[in-house]
Every structure is written in C-alpha cells, then in structure tokens.
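Remarks on the overall topology
Chain by chain, the residues:
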Amino acid sequence: MNIAAAASLLAALLSGTAVQLHAADSPDMPNKDAESSAKEAAASIERFAARDPDSPETLNARLSYAVFLAQMEGGDCRTRLDSAQSQLDIAKANPALSLAIPAGLARAADAEYQVHSARAECSGSEPRDAELRNTELRAALESALHAVALYGDAFDAVSMVTMQFNCAVTYHDLGDLAAAVSTLQKAIAMDREYGFADDAEDNYSQLVEWDNQEGGAGQIAASMQDFPERSATLAFGWFPNDSQVTIESNYIQLADGETFKIRSTRSAQRSVRQGVGGWKVSFRPAEAHFELANPPLEDLALDGFAISLAGMLLEFHDFDLAGNGEFDSSSGGFKFRSRVRADVKALTRDLAAQDTPSAQLMRIVARALRTQQSPDVIDDLVAENYNFETGTWMGATLDQGVWYNMSASLSLPLEPRVFVKNAIEFAYTRPVPCTDDAKQSDCIEIVLHATPDPETMSELLGRLSRSARLPRQQRPELQARTDMRLIVDPITLVAYRRDMRCYSYWSTGAKGRNQSLLESEITSVVSKPISRADGG
C-alpha cells in the first residue's frame, strides 16, 4: 500500500468520525545508571532508524541522546562527546529535521551549544589547552545565539530566554564581563516582556553577583518591585471597516528522499459590514501566485502538493456572523465557485509558463477542490479559520504566561475535509504592536499548540490495517501538530496577524519497503486596515 492509497483509505475511515491521532514526543532517557541509559538509548536509535531514519522518533532520539551525552558525567569525555557530535551531525544532515519536529532546527542548535560547552569543560589544564577551551566556548556562543533566534521563530519563548541566559554565561566564561552583563540584561528584558517572574528574579540575582553590587537581596527586591502582572479580557467589538489581507504559504514535502516545495501568495480587500442582526464579511481577491520548486511527478507526492494548491485557491470565502460574533455560515457560494474556476485556469496557465507538467497535478487539484467545496466542508474550513482568529477567544480572560487547555476538532493536514479532536494548549504570551508600523503595544500575542489526542491511535491504525488487509507485522504511523501565533486587539477581537505551522508524518510501516511522507506548511495571514467605514 503506497502513501496515496493509504491517505485515501484514511479519509474514508475517518469521514464523519471524531478520531485522535498521536503526536511524537521526545523519548525520556531510562532512569538507570548513566552507562546503561546510554546503551539503551543508542539501541533505541538503531531500532527507530531501521524502521525510518526520517521519522520524528528517530530524529527526536538522536537530539535527545546528543544532549544526554553532553551532560553526562564521568568516563572519557572526549570519546563521549565525539559520539554526541556524531548523533548531532546525522540529525542536522537529514532534510527531515525541519519537517518532522517542531522547532527541530532550534533544538539542533541548542544541542550543539551543549556539546561545545561540554568540550570546553573537557579541555585539559595545560596552557596549550586554553585556546582550545576558548575556541569551543566561542562555538558554543555562536550556537546559543542561533538557538535564541530559532526558538523565537518557533514561538518557544521559554527556550528562547533560557538560551539568552546561556549566551550571557558563555560570555562570562570567555572573560568578557561587559558583554555578559549586557546579554543578561537582555534576558531580563525578555523576562519582563513575557512575564517570567521567577526567571527574572534568578537573573537579577546573577546580575548582582556579576556586578559585585552591595545589598544584593535589597537590590533584587527593588528590581522586582515593578515587575509587570498582566492579564487581558477579550471581547467581541467589531466595527465596519475595510482592510488589505495578504496570505503567504510555504509548503515543503519530503517523500522517497526527494524534497518538493511550493510558495503561494494571495491578497484581497476584505470588507466588514453590519447587516440585519449580524455581520457580513466579503472579499475582493487578487490572483494567487505560485512558485513550484522541483514539483513531483509521482502519485506518492502529488496529493499533498494538490491539497496545498487547492487550499490557496479556496481562501477568501465570504461569510456571515451573528450579532454576537458567533459564526453563522459561509455565503456567496455561486460567486465563489465561479471565481475558483477562473483561478484553476490561471493556475494551469502559470504551471505551463513554469514548464511544470500539469495535467496529472491539475486532475488531483480538481479532485481536492470538488471535495473541499462541498457545502458542509467549506463551512467547516471557513469557520475554523474564523475561530482561530476570533471566535475561540470571545469572553476569555487570560493571565499572561499561564498555559490553558481545551479541546477542539481541527482539520487534518493530510486530509483537510476530515476533522479530528485535538488537545490544545494556549497562552497570552506578551503585549505587542498591532502592526509593524504601530508604536504602541495595543495588541496581544497568543501562542497555541494543537496535537491530535492519542487515545484512539491504536484503534484508528488497527482499523486502517484491517481495511487495507496489511500483514500483522506492518505498523502504519500517523502524527500531526499545529502551532499558531496570533496578534489580536483584545478590546475589539480584530486579528492583525496569524502565523501557522502545520506538521504531519505518515508512514506505511512496511518492513524493508517502508514509505513515509513528511509535510510542513508555514502560513502567514496579515491584515492591514484601509479605512473604518463608520468613521470611528
């Protein structure tokens, strides 16, 4: 059974059913003595890699093992760190790293920092070893600075601030006290921005120590006296307005060792008007633009490509809201279908201009469009986007830095017409300007992580295996995760930006001839006000 056939069968099995999928987590190292733990971890990596070297389990295990070896004490540190570097090099060389694991590149930079820091400690005490130590510390600093930026891009503020602190410590170890103090002060500024009070107190304590300030406890208490305590109450307060909305999507797929990419962009003018008993949202979209790099030619990879292309063609559907902001329904179906038909013609023309073989791809795009344009599916997809930006947050009061939990059905990256129950955690992370050119931080940033609930994973895969009549030893796998960053005005619940990162992994699990498919889609939706129609 190939990937395309499995995906179709999966859709048939899941249609109309709320099911849960499993998302990979980093494996914990066994709670035994260090040497036994290291041997068991190495054996686990070999098992994972034999099944699929590109799987989230394999790459998670390699990164976790590299950090484990770097932090391990005793034994021959050089040999141990050579092993850690080997695992890290294998993970970094794998193009699946950025697709299989959310923040995979950030975690690799973090692990690299750990290895270089450990090598600095491992250097000898001879005078000739001092330069080697400093070389490793400078390499550790470079990796830590890289990790700060990458964790920020991955919406992981906790890891970002931790790595900022590690940068400060590394400067201190290099003997550059001024840089260490300046970098630690930046970490404290991050603590204040994100509301990390406990971390800020620890960092103020370290700052007092490095500055040799007198009255340390009093200095720390004084510094913490004005530490911000923030909360936000979000209320629906829309008003008639026009805005320019731009969507950019970068889709990457790894199948059979080949990487395929699409960059898609589209803009539209959005009008929000108050109607009888509710609100009407309508769009005047411009043409979509697509850039395809190394497009696939096999069915194995075409489905994911087609779904991404179809998704951009289906953006900007008119919809109606009730007076209180609850989603009512999508609207303007005839006009929308007419526009999509024109878009398909334009896409076919663009593919031909790029010398892209389009006949087979467009057949699959047409199939995806037919499925997703059915009234119930398009309503669900339009409602999902609205709820991500506005509907979910109405009436919520969020304390900064507190992670809340909820569950909701979200569309599946492999098959958008199928909605599955997800476990969702979210937090109000910091105040931010609503737009790039705004000077005041009138909006808030909300970060969300969604993973399909694992409880029925074995049942789902068992049904799939039985329906496909797979051999008993064949174990298909399906994993997914969605991360989101939202910038929204808490007073009106007008959204100004939504950044989404969707990951999925599918494996047939066949021994000796396993096929896997990795997908990552990064989407940004940016809204810029044009006018306020009511003159307010």
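Located above this text is the structure these notes cover.
Predicted model only: the values in this text are computed from it and were never measured.

Okay, the packing of helix α8 (residues 157-173) against helix α10 (residues 197-211) next. Their axes nearest at 12 Å, the elements α8 and α10 cross at an angle of 10 degrees. Relative to α10, the element α8 lies roughly parallel. Where α8 abuts α10, its residues V161, F165, A168, V169 and H172 lie against D199, N203, Q206 and W210.

A surface patch of negative charge is lined by D198, D199, E201 and D202. Here D198 is to be found in helix α10. Judged by its relative accessible area of 63%, D198 is exposed.

Of all hydrophobic cores here, the largest spans 48 residues; its most connected members are W238, F290, F319, L361 and V365. In terms of residue count, the dominant contributor to this core is helix α12 (residues 299-313) (seven residues). One finds A96, A118, L254 and L518 within the second-largest nonpolar core, a separate group that totals 31 residues.

For the rest of this paragraph, the subject is the state of the cysteines. Scanning all chains against the criterion turns up two disulfides. If you count the bonded cysteines of the chain from the N-terminus, they pair up as 1-2, 3-4.

This brings us to the packing of aromatic side chains. For the coordinates displayed, the defined rule picks out 10 aromatic pairs. Centroid distance F236 to W279: 6.4 Å. Interplanar angle 75 degrees. Geometry classified as edge-to-face. A residue pair is termed long-range when its members are at least 10 positions apart, and F236 in the loop between β1 (231-233) and β2 (241-255) and W279 in strand β4 (residues 278-285) qualify at 43 residues. Owing to a relative accessible area of 5%, W279 belongs among the buried residues under this scheme. By the ring-pair criterion, three or more aromatic residues cluster together here, those being F236, W238, W279, F319, F327 and Y386.

To continue, consider the pairing of strand β13 (residues 495-507). Burial analysis of β13 places 11 of its 13 residues in the buried class, which makes it a mostly covered element. Sheet analysis places strand β12 (residues 477-488) next to β13, joined by 12 bridges and oriented antiparallel. The partner of D483 across the bridge, within β13, is R501. Hairpin connection of β12 to β13: six residues between the antiparallel strands, including L493 at a positive phi of 60 degrees. Relative to strand β14 (residues 516-532), β13 is paired through 11 bridges, and the arrangement is antiparallel. Across the sheet, R501 pairs through a bridge with I522, a residue of β14.

This part takes up helix α13 (residues 333-353). Compared with the 30 Å implied by 1.5 Å per residue over 21 residues, the 30 Å span of α13 between its first and last C-alpha is a close match. The set of residues buried in α13 consists of F336, R339, V340, D343, A346, L347, D350 and L351. The buried residues of α13 occupy one face: seen down the axis, they fall within an arc of 135 degrees. Exposed and oriented more than 90 degrees from the buried face of α13 are F334 and K345.

Okay, the side chain of T390 next. Position of T390 relative to the elements: it lies in the loop between α15 (375-389) and β8 (397-399). Residue T390 is classed as buried on the basis of its relative accessible area, which comes to 1%. A polar contact of 3.3 Å, which involves the side chain of T390, links it to the backbone oxygen of L493. In contact with T390, other than residues within four places in its own chain, are F236, W238 and L493.

Our focus in this paragraph is the packing of helix α3 (residues 56-71) against helix α4 (residues 77-93). It is at 8 Å that the axes of α3 and α4 come closest, and there the two elements cross at 155 degrees. When the interaxial angle is binned, α3 and α4 end up roughly antiparallel. When you trace α3 past α4, the crossing you get is left-handed. Of the residues in α4, those touching α3 at L59, R62, L63, Y65, A66, L69 and A70 are R80, L81, S83, A84, Q87, L88, I90 and A91. Along the lines of polarity and charge, the residues of the contact of α3 with α4 split into 11 nonpolar, two polar and two charged.

The rules behind these values
Residues numbered from 1 in each chain as written. Predicted model: local features only at pLDDT ≥ 70, side-chain atom pairs only at ≥ 80, totals over all residues. Heavy atoms only, no water. Axes fitted to C-alpha atoms, helices over the stretch in contact; angles between N-to-C directions. Helix = DSSP H or I, 4+ residues; strand = E, 2+ residues; numbered from the N terminus. Parallel < 35°, antiparallel > 145°, perpendicular 65-115°, else oblique. Contact = heavy atoms within 4.5 Å. Patch = residues over 30% accessible without salt bridge, like charges linked within 9 Å, V, L, I, M, F, W, Y side chains within 5 Å. Areas by Shrake-Rupley, 256 points an atom, 1.4 Å probe, with all protein chains shown as cover. Salt bridge = Lys/Arg side-chain N within 4 Å of Asp/Glu carboxyl O. Lys, Arg positive; Asp, Glu negative; His and termini not counted. Charge placed at Lys NZ, Arg CZ, Asp CG, Glu CD. Buried < 20%, exposed > 50% of the residue type's maximum accessible area, 1.4 Å probe, protein only. Core = buried A, V, L, I, M, F, W, Y, C linked by side-chain atoms within 4.5 Å. Disulfide = S-S within 2.5 Å. Phe/Tyr/Trp six-rings, centres within 6.5 Å; stacked < 30°, edge-to-face > 60°. Pairing = 2+ DSSP bridges. Expected span 1.5 Å × (residues − 1). Arc of directions from axis to C-beta. Polar contact = N/O pair within 3.5 Å; in protein donor to acceptor, adjacent residues only side chain to side chain. Left-handed = near helix turned anticlockwise from the far one by under 90°. Nonpolar A, V, L, I, M, F, W, Y, C, P; charged D, E, K, R; others polar.

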